[in-house]
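Analysis of the macromolecular model
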Amino acid sequence: MPKVTVRYWAAAKAAAGVAEEPYEAATLAEALDAVRERHPGELVRVLRRCSFLIDGDPVGTREHETVRLAEGGTVEVLPPFAGG
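First, a word on what this report is: a plain description of the structure on this page. (Residues numbered from 1 in each chain as written. Predicted model: local features only at pLDDT ≥ 70, side-chain atom pairs only at ≥ 80, totals over all residues. Heavy atoms only, no water.)

With that settled, consider the overall build of the protein chain. If you tally the helices and strands in the protein chain, you get three helices and five strands. From first element to last, N terminus to C terminus, the protein chain shows the α and β order β-α-β-α-α-β-β-β. Taken over C-alpha atoms, the radius of gyration comes to 12 Å for the protein chain, in line with the 12 Å a tight globule of 84 residues would show. With the C-alpha coordinates of the protein chain rotated into their principal frame, the extents come out at 35 × 25 × 20 Å. Of the contacts formed within the protein chain by residues at least 6 apart in sequence, a portion of 59% connects residues at least 24 apart. Entry remark: accessible area of the protein chain is about 5,000 Å², with carbon and sulfur atoms responsible for 52%. Charge-centre separation for the protein chain: the mean point of 10 positive side chains lies 5 Å from the mean point of 13 negative side chains. (Helix = DSSP H or I, 4+ residues; strand = E, 2+ residues; numbered from the N terminus. Rg over C-alpha atoms; globule rule 2.2 N^0.38 Å. Contact = heavy atoms within 4.5 Å. Areas by Shrake-Rupley, 256 points an atom, 1.4 Å probe, with all protein chains shown as cover. Lys, Arg positive; Asp, Glu negative; His and termini not counted. Charge placed at Lys NZ, Arg CZ, Asp CG, Glu CD.)

As a further point, take the sheet that holds strand 1 (residues 3-8). If you walk across this open sheet you meet the five strands as 2-1-5-3-4, and the pairing is mixed. Looking at the sheet topology across the chains shown, the edges are occupied by strand 2 (20-24) and strand 4 (57-58). Pairing analysis gives four bridges linking strand 3 (residues 51-54) to strand 5 (residues 74-78), with the strands arranged antiparallel. Bridge assignment links Phe52 to a residue of strand 5, and that residue is Val77. Against the sheet, helix 2 (residues 28-38) touches strand 1, strand 2, strand 3 and strand 5, its axis set at about 120° to strand 2. (Pairing = 2+ DSSP bridges. Axes fitted to C-alpha atoms, helices over the stretch in contact; angles between N-to-C directions.)

Considering the arrangement of structural elements, one finds Val75 in strand 5. Each C-alpha atom of the pair Val75 and Leu28 lies 7.9 Å from the other, and the pair is 47 residues apart in sequence. Look past the residues within four positions of Val75 in its chain and what remains in contact with it is Thr5, Val6, Arg7, Leu28, Phe52, Leu53, Ile54 and Leu69.

Interpretation note: all reported values are geometric properties and have no functional meaning in isolation.
Below you can see the structure in the form of structure tokens.
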């Protein structure tokens, strides 16, 4: 199972209470399930509005189950930004 770093930005960072944390997950869907399990409160609501970058590449409209994660990779959690 790949080990990845999930980085939170803006409202996601505030809801998680940390800037980043490690997870083991093979797909984006698995990583997000683990995030929701670890942070069952406000972050779950924030995630519904987020976009995601995997190692710098936008996920876009791809199904999260199809987005594979690589060992040492990074998942960026990007909530909508005001003015951005």
